[in-house]
Amino acid sequence: MTIDAPATTPLPAPPPNQLLDAPILPTLTRLAIPNIISMVGTAAVSVAETSYIGRLGTEALAAIALVFPFAMLTQMMSAGAMGGGVSSAISRALGAGDRARAEVLALHAVIIGLCGGLLFTLLMQLFGRSLFMLLGGRGEVVEQACSYSIVLFSGAVSIWLVNTLASVLRGTGDMVLPSATLLVVAILQIAIGGTFGLGLFGMPRLGMPGVASGQLVAWTLGMVFLFVYMASGRARLQLRLRGFVFERRMFVDILKVGAMACLAPLQSVLTILIFTKILASYGTATLAGYGIGSRLEFLLIPIAFAVGVASIPMVGMAVGAGQVARARRVAWTSGAASALILGVIGLVLAIHPALWVSLFTTDAAVTAAAHSYFHWAGPAFPFFGLGVTLYFASQGAAKVGGPVLAATARLLLVAIGGTALVASGAPSWTLFALVTAAMVVYGLGTVTAIHLTRWVK
C-alpha cells in the first residue's frame, strides 16, 4: 500500500508590473494623461496671474518678467530636476524588488526637499532686489518685483515639499494623486491670488503681494495634504519615521541624478535671464513683450514635463530590472510624443500669435515685440520639447550628463551670440531668431547625447 504525498498548493505568481510588461505607448499615454491635466491647471495659473498683473499696469508686467524666471527655477528644480532624481531612485529600487529601500529613500528625499526650499527662501529674501536690478529693472518695476517676490518665496519650502512628495508617488507609478493634488493647488492659487490681487468680492486690493499670496496659501495646503496621505499608509509607499536613520548612500542615490539634473533648469533659467538682461536695453515695451513670450516658453516645460515625467518610472524600473533595451524605447517614444505636441502649439502660435498675446496686453509696442518672438521661436518648439522630455527620460536611467551638456550648448549660444548681436546694434528680431537656433541646438544635442550614452543597470 502506498501513501500519497500531501498535495501542495503552488505559490501565486507575482502580479505583473505594467511598467515593465505592458506596451510602451499605451502605458506612457495612461501615465501622461493625469500629468497633462494637472499641467492645464499650471497653464491656467500662468494665464490668470499674468492677466491679473496686466490689469495692474505695464510696470507690473515688466516686474513679473523679472521675477518669473526665479519662480520657475524653484518649480523646475524641485519638480523636474531633483524631483526626477527622487522618482528615478524610487523606481529603480522598486524595479529591483527592494521596497524597503524605496521607503527609506522617500524620507531622505523629504530632507533634501526641505533644504532646497529653505535655500531658495534665504537667497531670494536676501538678494532678490540685487538680482532684479542686475537684470535691468529700475524704479517702480523693481519695487513691484520685490513686493511679489517676498511673499512668493516665503513659501518656497511648501513648493519644494509638495513637488518632492509628488515625485516619490510618481516613482511608484502613481500619477493620479500627485496630478490631482497639483490641480487643486492651481485652482486655489487662481482663486486666492485673484481675490486679493484685484480686491474681488469686497476684499482689499493688495496688488502684486496679493497675487503672490495665492501661491503661498495653496502650496502650503497641498504640502499638508500630501504629508497626511503618505503617513497614513494609503500610498504605495509609506513615510515611516520610526527607526529612521540617515544613510549617506541614500542621499547619494538621489543626488547623483538630482544634483546633476539641477544644472539643466539652472542653465535654462540663466539663458532666459541673460536674454532678459539683453532685451532690457531695448526698453520696457520690448522687455514686457518678451516676458509674455518667455512665459509661454516656460509653460512648454510643464507640457514636456507631463510626458517626460511619465517616462521616468518606466525607464527606471526597466533599468532596475535589467531591461535596458525597453528603457531606451520608452525614451525615444516619449521624446517623439512631446515633440509632436509642442510642434503643433508652435505652429499655431507662429501663425496666430495673437491667440496668446491678446490675453495679456493691448499695448501696440508690447504686442509687436511678442508677435515677433512667436514668429521666430514657434517653429523651434518641437526641438525644445524633444530635448526637455529626453532629459527626463535620461533621469530614469541615472544618465543625465549628456542632456545637461546640451543645455550648456544652448546657454553659450544665447550668451555669446546675444552679446555679439547687441554690440553690433542688431534689431530685436535677430535676437528672437537666435532663440530659435538655440532651441534646435538643444534638441538635437540631447538626441545625440542619449544615442551615444550607454545605459546599464
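Scroll up for the structure.
Residues numbered from 1 in each chain as written. Predicted model: local features only at pLDDT ≥ 70, side-chain atom pairs only at ≥ 80, totals over all residues. Heavy atoms only, no water.

### Here we look at the overall build of the protein chain
Along its length, the protein chain carries 17 helices and zero strands. For a compact globule of 457 residues, the expected C-alpha radius of gyration is about 23 Å, and the protein chain comes in at 23 Å, within 12% of that figure. In the protein chain, which comprises 457 residues, the share counted as buried stands at 58%. Accessible surface, the protein chain: about 18,100 Å² in total, of which carbon and sulfur atoms supply 71%. (Helix = DSSP H or I, 4+ residues; strand = E, 2+ residues; numbered from the N terminus. Rg over C-alpha atoms; globule rule 2.2 N^0.38 Å. Buried < 20%, exposed > 50% of the residue type's maximum accessible area, 1.4 Å probe, protein only. Areas by Shrake-Rupley, 256 points an atom, 1.4 Å probe, with all protein chains shown as cover.)

### Structural notes on helix α3 (residues 58-95)
With 38 residues, α3 extends 52 Å from end C-alpha to end C-alpha; this agrees with the ideal 56 Å at 1.5 Å per step. Maximal helix bending in α3 amounts to about 45 degrees, located at G83. Of all the 38 residues making up α3, 35 are buried; the element is thus mostly covered by neighbouring parts of the structure. With its phi angle positive at about 80 degrees, G97 sits one or two positions after the end of α3. (Expected span 1.5 Å × (residues − 1). Bend = angle between axes of the 7 residues up to and from the residue.)

### What to know about helix α10 (residues 263-280)
Helix length check: α10, at 18 residues, gives a terminal C-alpha distance of 25 Å against a target of 26 Å (1.5 Å per residue), a fit within 8%. Within α10 the residues assigned to the buried category are A264, P265, Q267, S268, V269, T271, I272, L273, F275, T276, I278 and L279.

### Examining the packing of α10 against helix α17 (residues 428-452)
Running from N to C, α10 and α17 point in directions that differ by 170 degrees, and their axes come no closer than 11 Å. One element, α10, and the other, α17, form an angle in the roughly antiparallel class. Across the interface between the two elements, F275, I278 and L279 from α10 touch L431, F432 and V435 from α17. Split into classes, the residues belonging to the contact of α10 with α17 amount to six nonpolar, no polar and no charged. (Axes fitted to C-alpha atoms, helices over the stretch in contact; angles between N-to-C directions. Parallel < 35°, antiparallel > 145°, perpendicular 65-115°, else oblique. Contact = heavy atoms within 4.5 Å. Nonpolar A, V, L, I, M, F, W, Y, C, P; charged D, E, K, R; others polar.)

### Points about the environment of W455
As for its placement among the helices and strands, W455 is situated in the segment after α17. Put simply, W455 and L123 are 332 residues apart on the chain and 36 Å apart in space, counted from C-alpha to C-alpha.

### Digging into the nonpolar core
Membership of the largest hydrophobic core comes to 119 residues, with the highest contact counts inside it found for Y373 and F381. It is α3 that contributes the most residues to this core, 21 residues altogether. Excluding anything up to four places from it in sequence, Y373 contacts Y290, G293, S294, E297, G378, F381, F432, V435 and M439. Within the second largest apolar cluster, 23 residues are counted, among which are L28, V315, V319 and I450. (Core = buried A, V, L, I, M, F, W, Y, C linked by side-chain atoms within 4.5 Å.)

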